[in-house]
Structure formats: structure tokens, C-alpha cells
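So the chains spell out like this:
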Amino acid sequence: MSAFLSRREMLKRAAAAGAATAVPHSALAQGLSDADAAEPFENLTSLHARILEAVVARLIPSDENGPGAPEAGAARFIDRALGGVFADLQSLYAAGLDALDAHARNTAGQPFAELDEDQQDAVLVDLERNAADGFTPDAASFLDVVLQHTVQGTFSDPHYGGNRDFIGWEMLGYPGLRLAVGPDEQAMDAGSQTTRLSAYDLPMFDSPDGEGDSP
Amino acid sequence: MTVTLAATDVAVIGLGGVGGVAVLPLAEAGMDVVGLEAGTWLSPSDFAPDELRNNYRGWPQAAQKANREIPVHRPNASAPDSPRGSVHPMMNGVGGTTLHYWAQSWRLNPWDFRVVSETTRRYGAGRIPAGSTVEDWPFGLEELEPWYDLVEREVGVSGQAGNVNGTIDARGNIFEGPRAREYPMPPLRGTEFTELMAGAARRLGWNPFPGPAAINSETYDNRSPCLYHGFCSRGGCHVEAKNSTAVSTIPKASATGNLRIETEAHVTGIAVDGEGRASAVEYLNDGETYIQPARVVLIAGYTYENVRLLLLSTSGAFPNGLSNNAGQVGRHYMTHNQRAGVLALFPHELNRWYGLPAQGIAIDDWADDNFDHSDLDFIGGGNLWIYSDQRPIEAASMNTFGRAPRWGSQWKAFVMQNAGRWANSYLQKTTLPYEDNYLDLHSTITDPLGLPVCRVTADYKDHDRRLASYIQDRMEAWFREAGAIETVRQPIGSMVVSTHAYGGTRMGDDPETNVVDRYGFSHEVPNLGVLGASVMGTSGARNPTLTAQALAWRTAEHLVANWSTIGG
């Protein structure tokens with residue numbers, strides 16, 4: 001098989017899968033993208049899922065520079081991991097999302113997902129500055145965890161359910177997976193042809209046991 | 001049920017970087033060797049280029065003994081425990097952490113063996129920091145050179161020599177001690193970015209050179225050259241170009257027919273006989289308890305595990321742990337002062353997406369005693385290292401250099417522009433042992449078997465901080481000379497659990513201050529040897545593995561040459 005997609009093929013592929021990127025921004029912020037609406041979350045309650053989708057949409061937004069964490073499926077990535085490698089973080093997420101929503105109601109009078117973007121950002125800044133109560137151990141630590149996992153869900157190998165359509169790698173300008181790299185491809189302005197592959201598209205590699213093989 | 005196995009000549013506990021080397025001379029000498037390894041065999045199909053799994057999830061496909069006994073750190077004896085890490089810095093598996101390490105394979109410099117005497121000679125004894133327990137090694141570099149040479153060939157190390165029998169070659173490290181011959185392979189290739197940095201170093205009057213690596217720059221022993229794919233940091237090699245002991249020395253030892261490898265063997269203790277000699281190793285495998293009698297036992301775990309196993313192996317003859325009647329097990333502990341790095345932002349693409357941590361440029365001008373310390377307030381120094389290696393999650397987690405917040409649209413715009421324009425550095429600095437930096441067993445935290453985990457009580461001293469600041473100044477100057485528009489100094493933090501942990505079973509002639517003698521055998525238990533960086537009394541300013549491997553080979557050859565004495 002040809003291991004590497006040309007950039008043109010990649011763009012065609014992205015366009016074919018483009019329904020998600022065409023969803024109106026406001027709908028994304030509420031966790032109502034068509035792909036997401038089709039299947040329930042596996043581990044988070046629908047309320048927690050809605051809050052988390054709204055949070056990741058502000059951490060790595062979909063904006064004039066292109067798609068972000070919502071289109072990459074970062075919330076789905078976290079949800080799936082909460083049934084596996086993040087299993088011991090389930091209560092941290094549940095309690096943290098409740099505390100975040102409570103802070104939104106207390107300071108802006110609405111659930112987090114109902115706030116406008118500026119209000120949502122103000123809530124997240126409060127967390128970052130530890131100016132919000134009800135978190136264990138504290139608000140900033142919770143935001144750090146969510147931010148770290150949102151980054152993983154946006155930029156990791158798509159095998160784990162995030163980085164859908166390689167949105168994250170495209171955002172960074174990462175030229176993609178290659179098993180062999182020549183000297184020219186390491187030049188500072190190499191401009192290598194972009195490849196868009198998961199490691200597990202390559203038959204020589206076994207996928208990690210119980211790690212996102214199937215939902 | 002307990003199964004007592006047939007006796008063997010030598011039981012080696014751990015088939016990683018050092019145990020995997022020591023088994024070769026033993027098996028080639030015709031001894032019956034049993035290698036007890038907590039992990040399993042891994043193969044190229046396990047080594048997917050997957051950043052999330054390799055760098056963030058602690059190798060879930062490998063046996064997890066190490067991750068069930070992660071050491072717990074506290075900065076000092078009256079401080080609470082620091083937050084515990086979620087992943088052990090090392091891994092189990094045949095080959096151990098050499099399966100996924102950076103593979104930088106340095107020899108120590110001559111000064112590292114003679115820190116006390118050289119400092120005293122040049123600057124006066126008062127320059128040894130107060131509270132440090134540092135000693136000279138029992139021998140100098142010249143004693144270890146033949147074993148460095150052997151390991152470089154048997155494992156396979158690429159690099160550029162800087163001093164062959166006293167002849168200096170400016171393409172290599174002009175500060176290295178004399179070596180008998182060139183490396184068996186030329187160095188890994190450079191990149192446009194590493195050449196940019198090398199040129200800047202030359203303009204500063206420094207001496208840049210490519211570092212040594214246990215990675216093939218060309219076909220070696222029928223194994224592939226490196227393909228520079230970018231998943232080498234905490235990643236195994238899909239073409240076996242990284243010369244772990246699993247693809248180099250262990251297969252050769254197995255081919256003799258004299259090495260039996262027991263995988264998933266979880267060692268819990270070492271038994272002694274009535275004469276205080278090590279008599280057997282006890283281990284668990286799939287719910288069964290096994291007793292492996294042996295005439296000689298070699299402990300070859302990582303520093304934390306070596307110390308922990310000795311302290312857990314109590315008996316009437318050794319009530320405070322095996323080989324610990326002088327109270328030295330766990331003492332003289334240090335981790336490399338690897339932190340306090342420098343990050344840099346450039347105004348153009350660097351393209352560090354491919355390569356490997358060992359593909360880089362080193363500066364040794366500010367290491368060890370390679371510069372005059374007369375007017376400085378520290379001894380030792382640091383090796384400066386830049387390299388081509390980054391992956392997407394790491395890039396997206398980049399420092400924003402005060403130019404953008406940590407998230408949101410401004411962050412996204414910043415990262416979209418700069419993800420390929422930043423570089424980090426790896427600054428390894430001399431660390432010294434101190435009276436109050438040590439390892440012991442934790443009073444309450446245990447592994448799932450109920451055995452206490454290793455406790456680390458250690459912190460950096462003002463001396464380490466002054467040294468780190470001086471080295472960071474040099475690194476910032478180097479990046480600026482190369483065109484960086486921003487630099488950020490990273491904090492030194494505390495002396496937490498590390499991939500470069502030294503001491504705890506220090507080697508030396510004095511049994512009152514050292515656990516093992518100059519050959520690596522216990523002062524108190526004559527048929528017990530210890531392999532690994534736990535025997536090293538100084539850190540040097542460079543990665544420990546090659547030195548630990550050279551010492552392991554030397555210990556094994558000493559055993560072969562003195563079998564009737566040591567083996568009883």
C-alpha cells in the first residue's frame with residue numbers, strides 16, 4: 001500500500017469528512033456537532049459531557065484560524081480515556097465539572113455551557129487564578145488537568161479518538177508520520193510532503209492492549 | 001507453593017542496561033547464568049511511533065513492576081512527601097530502559113574520577129562544598145578505558161573521537177580522556193538546525209562536536225542504521241538501530257547456551273546462608289514463589305531497585321538489610337542535575353519534527369574542570385546539548401515565552417506560528433553526594449505485595465543552584481548567538497525521582513564509607529556483586545549508561561578471573 005497521502009489527497013479526505021467542520025460554531029460550543037449527537041458519551045453523564053465540550057471549545061477554540069479542540073474530538077478522547085487509563089480520574093472530572101458549573105452559575109447566573117464566550121473565558125480565568133471554590137485540591141490544578149488532556153486529545157495519534165481528521169497536526173504544521181526520514185526532510189525549510197497516518201494504519205505495529213481499539 | 005530450582009553459578013537480577021551486558025562475558029566463560037527479568041521480551045511490533053503511549057502513558061504494553069513501586073520523594077527529612085509520580089522513570093523488559101532510552105553513550109572525563117584530589121590540588125580542599133561526602137573513585141579513567149572500549153564495540157556506539165592515545169582531534173570532544181581507538185561507527189548525521197548551532201558555538205570560541213550514541217549511524221552487526229523517524233525518546237526502535245542490550249549483548253549471551261532467561265520474574269529478596277554469603281534469590285512468577293540457589297548473585301536493577309532490594313533482604317546476619325552492617329546502603333545518593341534547562345524561540349522554522357535526542361551538538365567547554373574555577377563559587381560544570389527531536393503533543397505544550405496565554409485563541413495563533421520554531425536544551429551538570437541526600441524504605445507506602453517502596457530524601461544545594469545558573473548563562477548566550485529572539489530559563493526544582501540516579505551502593509576501597517569494593521563486590525558479602533549507576537560516586541556531566549555498562553563488564557570479568565575465590 002502507499003503509506004503516505006499527498007497533501008491534495010489529505011485535503012480531499014478532510015473535505016469528505018468535513019461535516020464536522022461545517023457545523024455552526026454555536027452548536028459546537030454546546031456539544032451538538034452532528035457526529036457527537038449521534039452517539040452518547042461512554043463515561044461522562046450528558047450534563048458533564050456538555051460542560052466539558054464547552055470547556056475544550058474555549059481552551060483550543062474553533063476560530064478564524066481554523067478548527068480546534070471541538071472538531072478534533074478532544075472531549076470524546078477524554079471521555080473514552082475515563083473508561084480506561086484515566087479511570088481513577090472519573091470522580092475528579094465529575095466533581096471538577098460540577099464545581100466549574102456552580103462557579104459559572106454563581107458568578108454569571110447561567111450554566112457554563114449557556115454563557116457567551118467572554119463569560120466562559122472569565123470563568124476559566126477564575127479557575128486558572130484559583131479564584132473559584134469547591135475544587136479538590138484546587139481550581140487551578142483541575143484546569144491544568146483538563147488543559148493537559150485537551151492538548152493530548154487534540155494532538156495525539158488519532159487511534160485514541162481525538163485529533164480527528166488530523167486537525168491537531170494540521171494546526172501545528174507537523175509534516176506527519178514517516179518511518180524513514182532523509183537528510184533533506186530535516187532541513188529547516190524542508191516543506192516535506194504532508195503525511196496523514198495513524199501509527200496503527202501501519203500493519204507492522206500492534207496496537208496497545210485495551211487502549212482505544214474499540215469504543 | 002514454593003518451588004526450589006536447581007542451583008546455578010550466577011543469578012543476575014535484572015536484564016537491562018547493565019545485567020544485559022554482564023551476562024555476555026559470564027556466559028562466554030562457560031558459567032551457568034540465570035537472568036531474572038521482571039518484564040517480558042518486546043519486539044519491533046511493540047514499538048509504534050505513538051507519542052501518547054510512549055511519552056505520556058508509561059508503556060502500558062510492558063510489564064508494570066516498576067510502575068507499582070514508584071519511589072516517593074521528599075526534599076528533606078522533616079518535609080512532607082512530594083506528589084508521587086505516576087510513571088516510573090525506568091521500564092521493565094528484556095533490555096530494560098535501554099529499549100527506549102536516549103542512548104547517549106558517554107565516557108566520563110578524567111576529572112570525574114578525581115574530584116577531591118584534583119579540586120584540592122588546583123584550588124584547595126576548602127572548595128569541596130560543606131556537607132558533601134564525595135570521594136575520589138578507587139581508580140582513574142585509564143583503568144576503565146578497556147571496558148569502555150569493549151562495550152562501545154559489543155553494544156555498538158557511534159561517535160567522533162576527540163583524543164586517540166593523546167592525539168587531539170578537534171572534530172570530537174577535545175576534553176575527553178585518551179581512548180585506545182576511534183568509535184566503531186562514525187557519528188549520527190547532523191541537521192541544518194544542529195549545524196546552525198555548531199556555527200554559533202564556533203563564533204563564541206567554543207568547541208562543538210556530535211555526541212556519542214548507542215545508535216547505528218550505519219549498518220552494524222547486521223542491524224539497520226538509524227532512520228531518524230522522531231519517536232526515539234521513550235520509544236523503542238522499529239528497525240533495531242538502537243542498540244539496547246536486547247538486540248546486542250543478550251542475544252550473543254543466549255547463543256552460548258549458557259544463559260537461561262526467566263521473564264516476568266519479580267524478585268522479592270536475597271537469602272543468605274549461615275556464613276553470611278548470598279545463597280539464593282527468591283522471586284514470584286504467575287503466583288508461584290521460586291527459590292533460585294546461586295553461588296554468586298549480581299544485583300542489576302536500577303539505583304532505586306538495587307537499594308530497595310538490599311534493604312528488603314534482612315536476615316540474622318544482616319538485620320538492617322543485606323550488605324548494610326556499615327549503614328552505607330542508600331547513602332551518597334544523587335541525581336544528575338539535569339533540570340534548569342533553557343528554551344529558545346527563533347524567528348524561523350527549525351524543523352525539529354524528525355531526528356532523535358541523540359542527534360545533536362555538544363559543548364564540553366563548560367563541563368567538569370575544563371575551565372578555570374579560581375574566581376567562581378562552585379566546582380564542576382555542565383555539558384550543553386541541543387538536538388533535533390519534538391513531537392506534536394510536546395510541541396503544542398511549548399512554552400509561550402511571555403508572548404501568549406496558555407490557552408484560547410491567542411494561544412492557538414501563537415502555537416500555529418511557533419510550534420516549529422522553538423528549541424530546548426539538555427544541560428547535564430555535575431552533582432555531588434551530600435550527607436543528607438539518601439535513599440531508604442518508606443515508612444507507610446508499599447507496593448501491592450505490601451513491601452515498602454523506596455523513599456528518596458534529597459534536594460539540590462546552593463552549590464548546585466550556582467552551578468546551574470552559570471551553565472544557563474552559557475546556554476542562553478549560545479542560543480542568542482544562533483539567532484534566538486527569546487530565551488526562557490527553566491527552574492531547577494527539587495531533586496526528585498530521576499532517570500539519572502547515582503549512589504546508594506557506592507564503590508570504594510573503604511568499607512566504612514562504601515558498599516562495594518573496587519570491582520563491584522560487596523565488602524560484607526563476598527559473593528554479592530552490584531551493577532549499575534548505584535556504584536558510581538560522582539555523576540560527571542553526561543549520561544551514565546556507558547559508564548555503568550563498562551563497570552558491569554569489568555565486574556563480570558573480575559568474577560570470571562576470580563571464580564574460585566568469589567564463587568566459593
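Residues numbered from 1 in each chain as written. Chains lettered and ligands numbered in written order. Predicted model: local features only at pLDDT ≥ 70, side-chain atom pairs only at ≥ 80, totals over all residues.

Chemist: Outline the sheet that holds strand S4 (residues 72-74) of chain B, listing residues and values.
Modeler: Residue and element names in this part refer to chain B. Pairing in this open sheet of three strands is mixed, and the strands run S4-S19-S18 from one edge to the other. Edge positions in the sheet fall to S4 and strand S18 (438-446), since each of these pairs with one other strand and no more. For this sheet the average axis-to-axis angle between neighbouring strands, irrespective of direction, equals 35°. Across five bridges, S18 lies against strand S19 (residues 452-457) in antiparallel orientation. Bridge pairing in S19 places Thr446 opposite Pro452. (Pairing = 2+ DSSP bridges. Helix = DSSP H or I, 4+ residues; strand = E, 2+ residues; numbered from the N terminus. Axes fitted to C-alpha atoms, helices over the stretch in contact; angles between N-to-C directions.)

Chemist: Explain the environment of Pro392(B) residue by residue, including any values.
Modeler: With respect to the helices and strands, the residue Pro392(B) is situated in helix H9 (residues 392-396). Pro392(B) sits in the buried class, given 26 other C-beta atoms within 10 Å. As for Pro392(B) and Gly420(B), which are separated by 28 residues in sequence, their C-alpha atoms are 9.7 Å apart. Other than its neighbours up to four places away in sequence, Pro392(B) contacts Phe155(A), Gly168(A), Trp169(A), Leu172(A), Tyr174(A) and Glu51(B). (Buried ≥ 20, exposed ≤ 12 C-beta atoms within 10 Å, placed from the backbone. Contact = placed C-beta atoms within 7 Å.)

Chemist: So, unusual backbone geometry: which residues are in play, and what are the values?
Modeler: Pro137(A) follows Thr136(A) through a cis peptide bond whose omega is 0°. By the element assignment, Pro137(A) lies in the loop between helix H9 (117-128) and helix H10 (139-155). One non-glycine residue, Asn165(B), lies in the positive phi region at around 55°. Residue placement: Asn165(B) occurs in the loop between strand S5 (163-164) and strand S6 (167-168). Of note, the phi angle at Asp368(B) is positive, near 50°, even though the residue is not glycine. Its location among the elements puts Asp368(B) in the loop between strand S14 (356-363) and strand S15 (382-388).

Geometric descriptors of this kind do not, in isolation, establish any biological role.
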